[in-house]
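The primary structure of each chain is shown beneath.
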Amino acid sequence: MTPIVLVVAGGLSVQFGSAVAALLMPKAGALGVVTLRLAAAALILLVICRPKLRGHSRADWGTVLAFGVAMGGMNTLFYQALDRIPLGIAVTLEVLGPLALSVFASRRLINLVWAGLALVGVVLLGGGGFDRLDPVGAAYALGAGAMWAAYIVFSARTGRRFPQADGLALAMVVAAVLSLPLGIIESGAKLAVPSTVALGAAVALLSSVLPYTLELMALRRLPAPTFAVMMSLEPAIAAGAGFLILDQALSATDALAIALVIGASVGAVRSRTGRRREG
């Protein structure tokens with residue numbers, strides 16, 4: 001049960017960290033929060049990992065750069081969505097990115113069923129056309145999902161090219177550098193307020209450093225397919241965090257929609273796992 005507890009704890013950490021970030025947005029803005037989170041996480045990871053800068057090829061650095069761009073884009077788009085729509089719904093829309101990646105990678109007919117199930121969930125969330133949701137917020141969440149899929153691809157490639165968490169630390173620096181101008185333009189001197197910096201560091205610990213560490217520990221003992229299935233529970237965790245911290249209650253329709261997307265994610269991962277076993 002230990003690795004399962006680690007995965008659940010990581011999901012709780014990242015989603016409750018997102019809830020804390022939502023509380024910080026009125027003070028620092030969405031882009032400011034992204035900058036604080038990525039900069040603090042990069043600093044912490046650099047101190048812990050102390051990655052080596054020499055001995056890497058151009059392809060290695062290109063992979064880290066792509067990983068950092070995906071990470072920065074994912075965070076920037078997601079926090080823009082979080083500033084406009086409820087946390088649970090934002091994560092539900094975002095998880096469609098990894099789901100689409102799983103469907104396209106497997107190329108199995110059954111996964112079209114899972115994709116259709118997820119689409120039904122999205123339609124329910126939008127009330128038949130996103131009339132009750134901020135369309136810009138929904139678009140940001142879907143964009144974050146696309147970047148999440150890219151993040152997964154380049155995370156795996158970075159892990160193969162760099163030892164331990166060195167690649168992650170370097171990619172986090174890239175993401176932080178890319179987000180810095182946007183955060184300064186939107187928030188300026190607000191980013192230097194001590195209380196804001198402290199909350200930003202808390203978000204970095206909850207949403208980046210702690211969950212990455214817990215997930216790394218879990219993956220040493222837990223099969224990757226099982227891990228992927230458990231990650232699909234994040235929309236439900238996000239909905240709980242939004243309710244407890246942000247007072248974002250979900251309707252019965254929203255709950256059903258989130259359940260459909262979770263079910264589609266689990267089904268797609270299990271189908272892909274079954275194909276590997278058959279092979």
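Worth saying up front: this structure is predicted, and the values here are computed from it rather than measured. (Residues numbered from 1 in each chain as written. Predicted model: local features only at pLDDT ≥ 70, side-chain atom pairs only at ≥ 80, totals over all residues. Heavy atoms only, no water.)

Peer 1: Lay out the pattern of salt bridges with the relevant residues and their values.
Peer 2: Tallied over the entire structure, the rule returns 1 salt bridge. Note that R161 is salt-bridged to D60, the shortest N-O span being 2.7 Å. Of the two residues, R161 sits in helix α6 (residues 135–161) while D60 sits in helix α2 (residues 58–82), which places them 101 residues apart along the sequence. By relative accessible area, R161 is classed as partly exposed at 39%. Under the relative-accessibility criterion, D60 is labelled buried at 10%. (Salt bridge = Lys/Arg side-chain N within 4 Å of Asp/Glu carboxyl O. Helix = DSSP H or I, 4+ residues; strand = E, 2+ residues; numbered from the N terminus. Buried < 20%, exposed > 50% of the residue type's maximum accessible area, 1.4 Å probe, protein only.)

Peer 1: Summarise the confidence of the model for the chain; cite the residues concerned and give the values.
Peer 2: On average, residues of the chain score 80 in pLDDT, and 82% of them reach the 70 mark or higher. Predicted confidence in the chain is weakest over helix α9 (residues 224–231), with a mean pLDDT of 58, and strongest over α2, with 92. (pLDDT = per-residue confidence, 0-100.)

Peer 1: Now, about the nonpolar core: what can you tell me, with residues and values included?
Peer 2: Counting 62 residues, the largest nonpolar core has Y79 and M172 as its most contacted members. With 17 residues, the single largest contributor to this core is helix α1 (residues 2–49). Dropping the residues within four chain positions of it, M172 is found in contact with L38, A41, A42, L45, M71, S208 and Y212. (Core = buried A, V, L, I, M, F, W, Y, C linked by side-chain atoms within 4.5 Å. Contact = heavy atoms within 4.5 Å.)

Peer 1: So, the packing of α1 against helix α7 (residues 166–187): which residues are in play, and what are the values?
Peer 2: Where α1 contacts α7, the axes come no closer than 7 Å and their chain directions differ by 150°. The orientation of α1 with respect to α7, classified from their angle, is roughly antiparallel. When the axes of α1 and α7 are compared, the crossing they make is left-handed. Looking at the contact of α1 with α7 residue by residue, the classes come out as 19 nonpolar, 6 polar and 2 charged. (Axes fitted to C-alpha atoms, helices over the stretch in contact; angles between N-to-C directions. Parallel < 35°, antiparallel > 145°, perpendicular 65-115°, else oblique. Left-handed = near helix turned anticlockwise from the far one by under 90°. Nonpolar A, V, L, I, M, F, W, Y, C, P; charged D, E, K, R; others polar.)

Peer 1: Give me the environment of I237: which residues, what numbers.
Peer 2: Residue placement: I237 occurs in helix α10 (residues 234–246). Looking at I237, the relative accessible area reads 18%, which means it is buried. Between the C-alpha atom of I237 and that of V8, which follows or precedes it by 229 residues, the distance is 9.0 Å. In this view, I237 contacts G11, L12 and Q15; residues no more than four positions away in its chain are not counted.

Peer 1: Residue-level account of a nonpolar patch on the surface, with values.
Peer 2: On the surface, L23, F243, L244 and I245 cluster together into a nonpolar patch covering about 400 Å² of accessible area. The element best represented in the nonpolar patch is α10, accounting for 3 residues. Looking at where F243 falls in the secondary structure, it is placed in helix α10. (Patch = residues over 30% accessible without salt bridge, like charges linked within 9 Å, V, L, I, M, F, W, Y side chains within 5 Å. Areas by Shrake-Rupley, 256 points an atom, 1.4 Å probe, with all protein chains shown as cover.)

Peer 1: Could you give an account of the packing of aromatic side chains, naming the residues involved and the relevant values?
Peer 2: Inspection of the entire model under this criterion finds 3 aromatic pairs. A ring pair is formed by W61 and F162, whose centres lie 6.4 Å apart and whose planes are at 70°; its orientation type is edge-to-face. With W61 in helix α2 and F162 in the loop between α6 and α7, the pair connects residues that are 101 residues apart, well separated along the chain. For F162, a relative accessible area of 3% gives the class buried. Considering the side-chain rings of F78 and Y79, the 5.8 Å spacing of their centres and the 90° angle between planes classify their relative orientation as edge-to-face. With respect to class, F78 is no different from Y79; both count as buried. (Phe/Tyr/Trp six-rings, centres within 6.5 Å; stacked < 30°, edge-to-face > 60°.)

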